[in-house]
Structures are given as C-alpha cells and as structure tokens.
Amino acid sequence: MAYARRPVWLASAVAVLGTLAACGTQTSGATPAPSAPAGRSSLSSPPPAVPSDTVAASVRSAARSPATGTAERSEPAEASRSAASSAPATSLPSASRCRTSELSASIGRMDPGAGQRNFPVVLTNGSSRTCTVYGYPGAAFVDAAGRQLGPDPVRTPGEPRRVTLAPGESAWAGLRYSSPGISGARTARPAALLVTPPDEREPLRVPWKAGEVPVAGNSSKVFLTVLQPGTGP
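Residues numbered from 1 in each chain as written. Predicted model: local features only at pLDDT ≥ 70, side-chain atom pairs only at ≥ 80, totals over all residues. Heavy atoms only, no water.

**Details of the confidence of the model for the protein**
At step 1: Confidence in the prediction for the protein averages 74 pLDDT; 60% of positions are at 70 or higher.
At step 2: Between residues 1-93, whose pLDDT stays under 50, and residues either more than four places distant or in other chains, the model counts 10 contacts. (pLDDT = per-residue confidence, 0-100. Contact = heavy atoms within 4.5 Å.)

Below, the structure is given as structure tokens:
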C-alpha cells in the first residue's frame, strides 16, 4: 500500500514546483537580489572603510554647527558675558559716620541774646576721608578732675539731618543757657566742655574759657540743638 501511494506524492511535488516556476515568469522581469545569510549585510560586497581623521573632522564640524544643542546653549552664555562686561561699575557706598578720632572740637564766639548766652559747638573733620554726622552731639561741663558739673543739656526740638563732611569741613550745634547774673542760678566755673560726636562713646575735651555756667537752681538748664553745616550762625 505504501509503494502504491509514492508515485502520487511525487507527482504532486512536481506540480507544485511547476506552479512556482510559472509564477516567477510572470514578474516584471527584474532579477531579484540574492537572499543574504542571517547576521550579514544584504550588500554583495563590504562598504569601504572611512578614514578615522575624516570621522573626527565630521564630529568637530557637527559640534560647531549652530543646529546642535551645545551651540544653542553657548549663545546665551556668551551674551551674558558680553552684557556683564558692558554693565556700569557698581557705585561706591555712601560715606560712613565720623569717628571721634577723625574729628576735632572747638567752641565758637559767644553770641549774647536777651538774658542768654549762645555758643556754637563745632566739629571739624580732620581725617582724609569724607564722613557724616547726624543729630545731636553730647555735651557736659566738667571740672579739672573730670567730674561733671550740672545736669546733661536738654535737646531743643529740631529736625535732625545728615551732614556730610569732606576733609576740613565742619558742622555745629548751638549751646545755650540763661545768663547766671540774671537768672540767679547757682554756678560753677568749668575747666572744660566734653563734646561727644553722634553715635560715639569717646568725647573730645575742649578747654572752657567763657566763665561761670549755671549748674543748679532756677533757670539752670543748658540747651543743645541739632548739628547743621558750617561753623556757626
């Protein structure tokens, strides 16, 4: 029975091959490319080798191209450096306050009023830099031993202002008290007036040569004004 079926199977195989051959003859006439073995290129021959220096040149050219992300990121950085180089220089900070060691103090000429005595207390910038004073100075009469005579001066109401002193320039505050001969206040003769610049702790000692001052009793208060530019009224 097996031998009887073999011719039939062979005949069927021949018929199939004939059909495939007929289909191949019905194509456009182009010769099909040979199939490539697995894992290998379908090209009939290997591609020519590219020199390494050509590859390196291509890489450098691509890095310089504006179409790359690196070039696009570098443009803002270059613009920032250019803007920074063209920006104006930072302005210098404002002058700081005058220190006691940079100032000298003096008492100007007395300006007598109606029953009062008025003196300009002058602070002068003796340093080589510009500095500022603001508000009221401190003041106190003292004897030869340095003991204070009388109470602290009373600050006269006024609008404080910042006074800028270039080297050699001055600011003054008014010192005022009632004439002792008229007020009847108890008096003392100071050896010096201690003048303390605003916001400082160390005073400047100025010899006092204007006679007695009120230290107790009626009308014994001494008044002091804010600093203003110049050496007196």
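**Details of the state of the cysteines**
At step 1: Tallied over the full model, the rule gives 1 disulfide.
At step 2: For Cys-98, the disulfide goes to Cys-131, at an S-S distance of 2.0 Å. What sets the handedness of the Cys-98 and Cys-131 disulfide is the S-S torsion sign, and at about 90° it is right-handed. A residue pair is termed long-range when its members are at least 10 positions apart, and Cys-98 in the loop between α3 (69-86) and β1 (103-107) and Cys-131 in strand β4 (residues 131-134) qualify at 33 residues. (Disulfide = S-S within 2.5 Å. Helix = DSSP H or I, 4+ residues; strand = E, 2+ residues; numbered from the N terminus.)

**Regarding the pattern of salt bridges**
At step 1: Per the counting criterion, the structure on display carries 4 salt bridges.
At step 2: Across the pair Glu-200 and Arg-99 runs a salt bridge, and its minimum N-O distance is 3.4 Å. In this pair, Glu-200 sits in the loop between β11 (192-196) and β12 (204-207) while Arg-99 sits in the loop between α3 and β1, placing the two residues 101 residues apart along the sequence.
At step 3: Note that Arg-129 is salt-bridged to Glu-102, the shortest N-O span being 2.6 Å. Placement of Arg-129 in the loop between β3 (116-125) and β4 and of Glu-102 in the loop between α3 and β1 is noted, with a sequence separation of 27 residues between them.
At step 4: We classify Glu-102 as buried; its relative accessible area is 14%.
At step 5: Three or more residues joined by partner-sharing salt bridges are found here, namely Arg-97, Arg-99 and Glu-200. (Salt bridge = Lys/Arg side-chain N within 4 Å of Asp/Glu carboxyl O. Buried < 20%, exposed > 50% of the residue type's maximum accessible area, 1.4 Å probe, protein only.)

**Remarks on the nonpolar core**
At step 1: By size, the foremost hydrophobic cluster in this structure holds 28 residues, and its most contacted members are Val-133, Phe-141, Leu-165, Leu-175, Tyr-177, Leu-193 and Trp-208.
At step 2: Aside from chain neighbours lying at most four places away, what touches Tyr-177 is Gln-116, Arg-117, Phe-119, Phe-141, Trp-208, Glu-212, Val-213, Pro-214, Lys-221 and Val-222. (Core = buried A, V, L, I, M, F, W, Y, C linked by side-chain atoms within 4.5 Å.)

**Section: the pairing of strand β8 (residues 162-165)**
At step 1: Covered by surrounding structure in β8 are Val-163 and Leu-165 only, the residues Arg-162 and Thr-164 on the alternate face being uncovered.
At step 2: Looking at chain direction, β4 and β8 are connected through 4 bridges and run antiparallel. Residue pairing across strands places Thr-132 opposite Thr-164, the latter belonging to β8. (Pairing = 2+ DSSP bridges.)

**A few points about the sheet that holds strand β5 (residues 138-142)**
Strand pairing in a sheet relies on backbone hydrogen bonds. The paired strands run either parallel or antiparallel.
At step 1: A sheet is described by the order of its strands in space; here 4 strands give the open sequence β6-β5-β11-β12, paired in antiparallel fashion. One side of each edge strand has no neighbouring strand; the edge strands of this open sheet are β6 (148-149) and β12.
At step 2: Relative to β11, β5 runs antiparallel, the two sharing 5 bridges. Bridge pairing in β11 links Gly-138 to Thr-196.

**Points about the environment of Ala-210**
At step 1: With respect to the helices, strands and loops of the structure, Ala-210 is situated in the loop between β12 and β13 (213-216).
At step 2: A sequence separation of 100 residues divides Ala-210 from Met-110, and the C-alpha atoms of the two residues are 8.2 Å apart.
At step 3: Setting aside residues no more than four positions away along its own chain, Ala-210 makes contact with Arg-117 and Phe-119.

**Some words on the packing of aromatic side chains**
At step 1: Overall, the coordinates contain 3 aromatic pairs when judged by the stated rule.
At step 2: On the basis of an interplanar angle of 20° and a centroid distance of 6.1 Å, the ring pair of Phe-119 and Tyr-177 is categorised as stacked. Here Phe-119 is found in strand β3, whereas its partner Tyr-177 is found in strand β9 (residues 170-178), with 58 residues between them in sequence.
At step 3: When the ring centre of Tyr-134 is taken as reference, the NZ or CZ atom of Arg-162 above it lies at 4.9 Å. (Phe/Tyr/Trp six-rings, centres within 6.5 Å; stacked < 30°, edge-to-face > 60°. Lys NZ or Arg CZ within 6 Å of the ring centre and 35° of its normal.)

**Remarks on unusual backbone geometry**
At step 1: For Asp-199, which is not glycine, the phi dihedral falls at a positive 65°.
At step 2: Positionally, Asp-199 belongs in the loop between β11 and β12.
At step 3: Under the relative-accessibility criterion, Asp-199 is labelled exposed at 58%.
At step 4: The phi torsion at Ser-219 lies on the positive side, around 55°, for a residue other than glycine.
At step 5: Following the sequence through the fold, Ser-219 ends up in the loop between β13 and β14 (222-224).
At step 6: Look at Ser-219 and you get partly exposed, because its relative accessible area is 43%.

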